[in-house]
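# A closer look at the structure
For reference, the chains in residue letters:
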Amino acid sequence: MINFNSNSIVALLLSVIFSFLFSVNAAANTKLNTEPNSKYRAEFTLKKTCPPSFELMEDGTCELRNMYQFYNSVQGRGLGGTQTSLPKHRDGFTPAQIDLGRYLFFDPALSKDNSISCASCHQPEKGFSDDLDRSIGITGEKVGRSAPTLWNVAFLDKFFWDGRADTLEEQAVGPLFDAKEMGNSPEHLLKTLNAIPVYLDMFKVAFPNSDKISIADISASLAAFQSTLISLNSRYDQYAHGHHDALNENEIKGLNIFRSFVARCAECHQPPLFTNNQIAVIGTPDPEGMPFDIGAEKTFNNKKNRGGFKVPTLRNIAKTAPYMHSGGMKDLREATEFYNKGRGHAIPEGEDLLIHWHIWEPDLQDKELDLIVEFLQTLTDESLTPKLPTKLPSGLPVIDRKYAQQKQKQQNNITVSGDEDE
Ligand code: HEC
Ligand code: HEC
């Protein structure tokens, strides 16, 4: 009892201190740093070296190195095989472009009212996702879908749950100019960045051939930064590369069920990325009160894709609950159990979906579902998590207010009463 009380007092004190710090911080830092001759300007230099696991090429760009490059094609080893190659990685960015992208990614100056950054919904410590069913944008309203992880995103060739963007560059303008996400417009964003001397300097270094800041260069550096979010050194990977004791007996059993032709998970969540980069109709439910999400039918203008979504990677999956496009499944057990409940069991009445043929009735036992979940936890590797910038070119706080409050709630696990002063 005594222990419990003193802990909660400490937690309460911490929370008061934190909310004080953050409110001071937020109040002090809503003005953009536009002073051309400030000392601040000299405090930023873009990196000249590639991030870990990338090699600097003669042409000045960074190229990814990893163990999977030594393996042959997927076909060589059969589906679900461990020593299979990866799809092509989107690299070829310079260290300066990658580093500029890191600043932009964390900078709330990219949103219309300087309130949120990409990192507000794609938080590094939450698997570059958030812990919400559906993310919250600048209007305070929830957006239509859950924020996917950004780990290994540069191996993909379709973006968004419904596959509506083909490149990372095309993807980035989505949230920037979506009224419910960052709410910006190209004109306003360019005006903002052009008024920040540090960014003027940085864009010149990162894009020496451009005579001014452009949306294309902003998207390119965001893509450059995201291309460095590599997670390929989990315990599973060590096992795949031949270190048998990297997984325990249960985890190996789980892996074998996962890739068996009974469970069929690996048919879609194909190693090593744990996605086959395709759209599949599997018939997950939308939460009560939400309209039926037609998914990729809209993208491809094809009824066959009704209710179809991109097969998500399962890398760092233990970090990104809740699950599915709707964020409707709270944990990995629930997400795994979905596949065992019968083909098409959650399709709403009146809908006629073309469920993928690998979704069937595997009839797994409880124990087997548990083993799959145990295995999924071995896909965690965050060793290449990039460093958060300590300060931003705009002068705004690195961790914006919304993100900070979520973080703080998580840290001391008690509700914060700091919202009123907004
Ligand atoms: C308001 C929260 C929010 C913000 C801010 C936000 N995102 Fe997202 N992001 C999402 C959601 C939600 C999705 C999925 C939307 C969908 O599929 O329709 C998504 C999807 C993505 C994807 C696609 C991933 C995949 O596997 O298909 C990428 C990449 C991405 N965001 C990067 C960014 C970048 C870069 C920024 C900043 C410019 C950003 N996001 C800002 C919530 C957000
Ligand atoms: C036919 C292809 C297919 C098969 C087979 C399949 N999945 Fe999936 N999986 C998907 C798709 C598509 C989604 C996204 C569905 C949605 O959001 O509505 C998904 C989502 C998930 C998610 C949530 C990921 C996230 O980021 O939210 C988990 C966990 C998962 N699957 C695990 C499994 C397991 C375990 C199995 C085997 C029992 C399996 N899947 C079999 C296609 C498949």
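As a reminder, the structure under discussion sits directly above these lines.
Residues numbered from 1 in each chain as written. Chains lettered and ligands numbered in written order. Predicted model: local features only at pLDDT ≥ 70, side-chain atom pairs only at ≥ 80, totals over all residues.

### Focus: the overall build of the protein chain
The test is simple: Counting from the N terminus, the helices are the DSSP runs of H or I reaching at least four residues and the strands are the DSSP runs of E reaching at least two. Each residue is represented by a C-beta atom placed from its backbone, and any two residues with such atoms within 7 Å are regarded as in contact.
Within the protein chain one finds 15 helices and four strands. Within the protein chain, counting contacts between residues at least 6 apart in sequence, those at least 24 apart form 70% of the total.

### A short note on unusual backbone geometry
Cis geometry marks the peptide bond from Pro271 to Pro272; its omega dihedral reads 0 degrees. Here Pro272 is to be found in the loop between helix H11 (265-268) and strand S3 (279-281). The residue after Ala321, namely Pro322, is reached through a cis peptide bond having omega -5 degrees. Mapped onto the secondary structure, Pro322 falls in the loop between strand S4 (308-310) and helix H13 (332-338). The phi angle at Asn152 is positive, at roughly 60 degrees, despite the residue not being glycine. Of note, Asn152 is situated in the loop between helix H4 (118-121) and helix H5 (168-177). The phi angle at Phe274 is positive, at roughly 65 degrees, despite the residue not being glycine.

### Here's the deal with the site of ligand 2
Short version of the rule: The C-beta atom of each residue is placed using the backbone, and any residue whose C-beta lies within 6 Å of a molecule or strand is treated as near it. Gly is placed with the polar residues, together with every amino acid not listed as nonpolar (Ala, Val, Leu, Ile, Met, Phe, Trp, Tyr, Cys and Pro) or charged (Asp, Glu, Lys and Arg).
Taken together, 26 residues sit near ligand 2, with Cys265, Cys268, Thr284, Tyr323 and His325 positioned nearest. Among the secondary structure elements, those contributing two or more residues to the shell around ligand 2 are H11 and H13. Split by residue class, the shell around ligand 2 holds 17 nonpolar, seven polar and two charged.

### Brief notes about the environment of Thr385
The following threshold applies: The exposure scheme places C-beta atoms from the backbone and then counts, for each residue, the other C-beta atoms within 10 Å of its own, assigning buried at 20 or more, exposed at 12 or fewer, and partly exposed in between.
For Thr385, the position within the fold is in the loop between helix H14 (366-376) and helix H15 (401-412). The exposure class assigned to Thr385 is partly exposed, which follows from the 14 C-beta atoms found within 10 Å. Measuring from C-alpha to C-alpha, the distance between Thr385 and Pro124 comes to 7.1 Å, with 261 residues separating the pair along the chain.

### A few points about the packing of H5 against helix H8 (residues 215-226)
Keep this limit in mind: Axis lines are fitted to C-alpha atoms, over the contacting stretch for helices. Their N-to-C directions set the angle, which ranges from 0 to 180 degrees. Roughly parallel means an angle under 35 degrees; roughly antiparallel means over 145; roughly perpendicular covers 65 to 115; every other angle is labelled oblique.
Where H5 meets H8, the axes come as close as 8 Å, and the angle between the chain directions of the two elements is 110 degrees. Considering their axes alone, H5 and H8 lie roughly perpendicular with respect to each other. Facing H5, whose interface residues are Leu168, Glu169, Ala172 and Val173, H8 presents Ile215, Ser219, Ala220, Leu222, Ala223 and Gln226. When its residues are assigned to classes, the contact of H5 with H8 shows seven nonpolar, two polar and one charged.

### Re the site of ligand 1
Taken together, 28 residues lie near ligand 1, and Cys118, Cys121, Phe160, Trp161 and Pro175 sit nearest. Elements with a contribution of two residues or more to the shell around ligand 1: H4, H5 and H8. Sorting elements by how many residues they give to the shell around ligand 1 places H5 first, with five residues. When the residues that make up the shell around ligand 1 are grouped by side-chain class, the tally is 19 nonpolar, seven polar and two charged.

### Some remarks on the packing of helix H3 (residues 95-106) against H8
Two numbers describe how H3 lies on H8: the axes approach to 7 Å, and their chain directions differ by 100 degrees. It follows that H3 is roughly perpendicular to H8 by the angle criterion. Every residue of H8 that contacts H3 at Gln97, Ile98, Leu100, Gly101, Arg102, Leu104 and Phe105 is listed here: Ile218, Ala220, Ser221, Leu222, Ala224 and Phe225. When the residues that make up the contact of H3 with H8 are grouped by side-chain class, the tally is nine nonpolar, three polar and one charged.

### What about helix H6 (residues 186-194)?
The criterion, for reference: It is the directions from the helix axis to the C-beta atoms whose arc is reported.
By the burial criterion, the buried members of H6 are Leu189, Thr192 and Leu193. An end-on view of H6 places all buried positions within 90 degrees of arc, on one side of the element. Pointing more than 90 degrees away from the buried face of H6 are the exposed residues Glu187 and Lys191. Along its buried surface, H6 packs onto H5 and helix H7 (197-206).

### A word on H5
Every buried residue of H5 is accounted for by Leu168, Glu169, Gln171, Ala172, Pro175 and Leu176. Down the axis, H5 shows its buried residues gathered within 155 degrees of arc, on one side only. Tucked into the core, H5 has its buried residues touching H4, H6 and H8.

### A word on the nonpolar core
Going by this rule: Among buried residues, those of type Ala, Val, Leu, Ile, Met, Phe, Trp, Tyr and Cys that are joined through C-beta atoms within 7 Å form a set called a nonpolar core. Residue ranges for the domains trace back to a domain assignment, done automatically or taken from a database.
Residues Phe258, Ile372 and Leu376 are the most contacted members of the largest nonpolar core, which totals 78 residues. Of the residues forming this core, the biggest block, seven residues, is contributed by H3. Formed jointly, this core draws a minimum of three residues from each of two domains, domain 1 (39-228 + 385-396) and domain 2 (235-379). Excluding its chain neighbours within four sequence positions, the residues that come into contact with Phe258 are Ala263, Cys265, Ala266, Ile372 and Phe375. In terms of nonpolar packing, the next biggest core, distinct from the first, is built from nine residues, Val281, Ile282, Val311 and Leu353 among them.

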